[in-house]
Amino acid sequence: MMKNSEKYKQAASRITPSANMNVMNYIEEKETKRMMKTPVLRRALAVCMSLLFAIGLGFTAYAADFGGIRRPIDLWLHGSMDQVTIEEAGDGQYHVTYSDGSVRSVGGFAYEGDAARDLTEDEIISLLLTQTEVEKDENGSYWLYLRDHKIDITESLLKQGYAQEKMQDGFLADFITVVLHDEDSWGIMTDHFGFPSPEEVRDNTR
Amino acid sequence: MRIAIQDAAERYQDSVFRAAFFLCKNRQDAEDICQETFLAYYSSDMDFDSEEHIRAWLLRTAMNKAKNILRQFWRRNSEPLSEFYEIADEEPAEYEELLEAVLSLPSRCRAVIHLYYYEDCSIKDIARILGIQENTVKSQLHRGRTLLKEKLQENWNDEE
């Protein structure tokens, strides 16, 4: 009789990446972008943005023609307001297209009693508007984003393993604790009435 | 020590991809994670003790990136296995059943089961890769095996 490990190895070996994936090409592309001189990069981005604005207008027209399938909205992206389109993709999923051309698949559940239901488009937009994000940039700095706030939390994260920031620009303050699990992994928790402890964040997000 | 990025990709690409896939359950996400993991290796100036250390580092990095994706509100939905897994005629049907069963496990169990049965990692290695206690690995492994036995019955042996 075949052992569990043999059977599992044979079965799992059938799961393979698509032909589109090419690690070496990906690294080469990223390295080429990194080596571009900043002024050139900025100019290139400015050109791209103007082109994307034209495409954005096209999306609006598409939405008008087809009963509002694509809905233009303003969302925060990296501390700045960005005009995006949100489009229902079926099965409770929505596609959010940002002005830089990137697309995010969005979805979620809400629990009412014991029953789960898909989040509505308005609920998803509301969540996206209040979403706290942390990103690590190519220089190794960690940035915390919430609405129009963009805060460098690198020093605290690297020194003590966590960073805490309070933001109050509305009725309720946001107390945010970010814990670094390791250099590429972190956990975030937000509360309106005080900072979640680093231990709590560590335990709940690992 | 280090090995060239081309050699690292050639040797460990499939392992890294599968580890990510079995955690995030989406092929596109797993491909993104795989590419980002090798980019991290390429960008890192870390000196490794051995090739086994490199493999463990790659798996740990991929697993962490997959965990981040699992935490993201906008992560992609998981795909049905049948979308990209074709069973050859001569292949036992129990393979697909086994994969479906593993993919239906809670994420922590899934990661432990995959590393134990596919990567042949020890309890200690799994604890290091996932950044959890050895006792937690043991309990997740036990839970995973119990759930797989319930789902697969005679197609999952009682061996440890």
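The text that follows walks through the structure, step by step, so that each part is easy to find. (Residues numbered from 1 in each chain as written. Chains lettered and ligands numbered in written order. Predicted model: local features only at pLDDT ≥ 70, side-chain atom pairs only at ≥ 80, totals over all residues. Heavy atoms only, no water.)

A look at the interface of chain B and chain A
1) Next: In this complex, chain B contributes 52 residues to the contact, which on the side of chain A involves 47 residues.
2) Next: Carbon and sulfur atoms make up 57% of the surface buried where chain B meets chain A, a total of about 4500 Å² over both sides.
3) Next: For Glu 94 of chain B, the salt bridge identified is with Lys 7 of chain A, shortest N-O distance 3.3 Å.
4) Next: Here chain B is connected to chain A by 17 residue pairs in polar contact (both at pLDDT 80 or more).
5) Next: At the level of elements, helix H1 (5-24), helix H2 (27-43), helix H3 (51-71), helix H4 (94-103) and helix H5 (107-117) of chain B are the ones that each hand at least two residues to the side of chain B that touches chain A.
6) Next: Taken together, the residues of the side of chain B that touches chain A sort by class into 25 nonpolar, eleven polar and 16 charged. (Contact = heavy atoms within 4.5 Å. Buried area = accessible area lost by both parts, 1.4 Å probe. Salt bridge = Lys/Arg side-chain N within 4 Å of Asp/Glu carboxyl O. Polar contact = N/O pair within 3.5 Å; in protein donor to acceptor, adjacent residues only side chain to side chain. Helix = DSSP H or I, 4+ residues; strand = E, 2+ residues; numbered from the N terminus. Nonpolar A, V, L, I, M, F, W, Y, C, P; charged D, E, K, R; others polar.)

Brief notes about empty space enclosed by the protein
Residue and element names in this part refer to chain A.
1) Next: The tally for this structure, following the rule as stated, stands at one cavity of 30 Å³ or more.
2) Next: Roughly 120 Å³ of internal volume is contained in the largest cavity.
3) Next: When contributions to the lining of the largest cavity are tallied by element, the ones reaching two or more residues are strand E1 (70-77), helix H4 (121-129) and strand E8 (142-146).
4) Next: Within the lining of the largest cavity, the residues separate by chemical class into eight nonpolar, three polar and three charged.
5) Next: Each of domain 1 (38-131) and domain 2 (135-206) accounts for three or more of the residues forming the lining of the largest cavity. (1 Å grid on protein atoms, 1.4 Å probe; cavity = no way out; pocket = protein on both sides within 12 Å on 5 of 7 lines; lining within 4 Å. Points joined across faces, edges and corners; volume = space filled by probe spheres on them. Domains from an automatic or database assignment.)

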